Amino acid sequence: MTERMEFGMRPPAGGPAEPPQPAEPAFEPLPPDARIDLAEDGAQVNEILDALDSDLVGLAPVKTRIREIAALLLVDRARARFGIDSGRPNLHMCFTGGPGTGKTTVAMRMAELLHRLGYVRKGHLVSVTRDDLVGQYVGHTAPKTKEVLKRAMGGVLFIDEAYYLYRAENERDYGQEAIEILLQVMENRRDDLVVVLAGYKDRMDSFFASNPGMSSRIAHHIHFPDYTAEELEAIGRLMLERQGYALAPEAEPVFREYLRRRRTQPRFANARSVRNAIERARLRHAGRLVARGGLVGRQELMTLHPDDFLASRVFAEPAAQAG
Amino acid sequence: MRITQGTFSYLPDLTDEEIAAQISYALERGWPCSVEFTDDPHPRNSYWEMWGLPMFDLKDPAGVLQEINECRKAYPNHYIRLNAYDASYGRQTIALSFIVHRPPSEPGFRIDRQETSDRRVRVSLHPYATDRPEGERYGDS
């Protein structure tokens, strides 16, 4: 049955035009003695937190803090139903920790997380370092920083290696100007922008010592501890699974031993070192398959053998003394 | 008299929240916004001066509003408008353009009539504001 195209005002298919919709009822706060069940609103929030738990291994202080922020959201919503308005909390954060502990990864997830919790409007992440904020000549810094801040409005601004902004020894450095603009925006445009700083702990501490205003504007100082051996192994397994590889049963204790030895060696970068180890194992796996020749099946293409790890330099050097 | 150029020009002045809502409408459709100003209100003056480049990379109305407020601070006695450009093939034109700021008082226009050959009358529009030089047209009245 086709509809006939008509010009002009078309009456609705039913009878005469419907009366205009009544205005929405005015918001009525709940009576003071009403009780609310926070869990009924929290189903979506729990889903977000569970996804975080499964995707990121370890990081207990981070997860605790995120749970608290999510709980604050639920409580704020419940308070709003009673008519109590408390405004948006200060969400600026600082992530400190050793290399490869997940600071940048969590910052990327934080933007999406805060957007799904409803704290930021758009949820996009703008990731900058010192070069994106500081100019090369007089008068260059302010417009550069303001452009970056405008782009980040409605989302999260992630400043990696934030301590490079401030160079105390060079008085011609324009980093201080960028810091001042940041401080102003972090205080006045709290509703529009969330700033996340990240860096190594000792350098961030000295940065905050020389910029007390910055430290007081950061509400959440979260430290990312180094991973334990079990956590590193779990991270390794997660990475392998994501890349479509599996460890042969004989390879599991070898992988564990590899991690134990590598941790004692200098310049260990936690999850990043695990990723590099897996990349090298993949290379050796590929080399082994190509050298062996013949036909390969799906299973062989996916399975890493102990040789792929044993060939590492880590095993060639004498093992560190067990504690 | 309030000049009626652009969208919403017959409505009372939009509040900042309403302007932000319109900017959201444009940004959601991927139309970058730009801010322009002028003090020549003639309806055929289509080349207003640009306040900075169009904001191609902004996703949130707060940044655009910030630019509008800075333009208002810099030129409180000029007309300021917001343009949103639709780049899709088949349109490639300004999709939305509305005035966001007016000078405190707008003197309006007069019609100049000039008699030409055969008693024909050539009519032209003359804004009273342009009697004075640029920059001095809308003082505090």
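Definitions and limits used
Residues numbered from 1 in each chain as written. Chains lettered and ligands numbered in written order. Predicted model: local features only at pLDDT ≥ 70, side-chain atom pairs only at ≥ 80, totals over all residues. Heavy atoms only, no water. 1 Å grid on protein atoms, 1.4 Å probe; cavity = no way out; pocket = protein on both sides within 12 Å on 5 of 7 lines; lining within 4 Å. Points joined across faces, edges and corners; volume = space filled by probe spheres on them. Helix = DSSP H or I, 4+ residues; strand = E, 2+ residues; numbered from the N terminus. UniProt positions renumbered as here; feature names shortened; annotations may be inferred. Expected span 1.5 Å × (residues − 1). Buried < 20%, exposed > 50% of the residue type's maximum accessible area, 1.4 Å probe, protein only. Arc of directions from axis to C-beta. Contact = heavy atoms within 4.5 Å.

1. Side note on the layout of surface pockets
Residue and element names in this part refer to chain A.
- Its boundaries defined by the atoms lining it, the largest pocket holds a volume of some 570 Å³.
- Within the residue set of the lining of the largest pocket, elements represented by two or more residues are helix 4 (103–117), helix 10 (229–243) and helix 12 (270–292).
- If one sorts the elements of the lining of the largest pocket by residue count, helix 10 sits on top with five residues.

2. So, the UniProt feature "domain: AAA+ ATPase" (unreviewed entry) in chain A
- Residues annotated in UniProt with the feature "domain: AAA+ ATPase" (unreviewed entry) correspond here to residues 89–228 of chain A.
- Between the first and last C-alpha atoms of residues 89–228 of chain A the distance is 33 Å; the span itself is 44% helix and 18% strand.

3. Observations concerning helix 10 of chain A
Residues and elements named next belong to chain A.
- For helix 10, which comprises 15 residues, the first-to-last C-alpha distance of 21 Å matches the rise-based estimate of 21 Å (1.5 Å per residue) to within 8%.
- Buried residues of helix 10: Leu232, Glu233, Ile235, Gly236, Met239 and Leu240, and no others. Axial view of helix 10: buried residues confined to an arc of 160 degrees, hence all on one face. Across helix 10 from its buried face, at more than 90 degrees, point the exposed residues Glu230, Glu241 and Arg242.
- Tucked inside the fold, the buried residues of helix 10 contact strand 6 (246–247), helix 11 (251–264), helix 12 and strand 7 (303–304).
- Following helix 10 by one or two positions, Gly244 adopts a phi angle in the positive range, close to 80 degrees.

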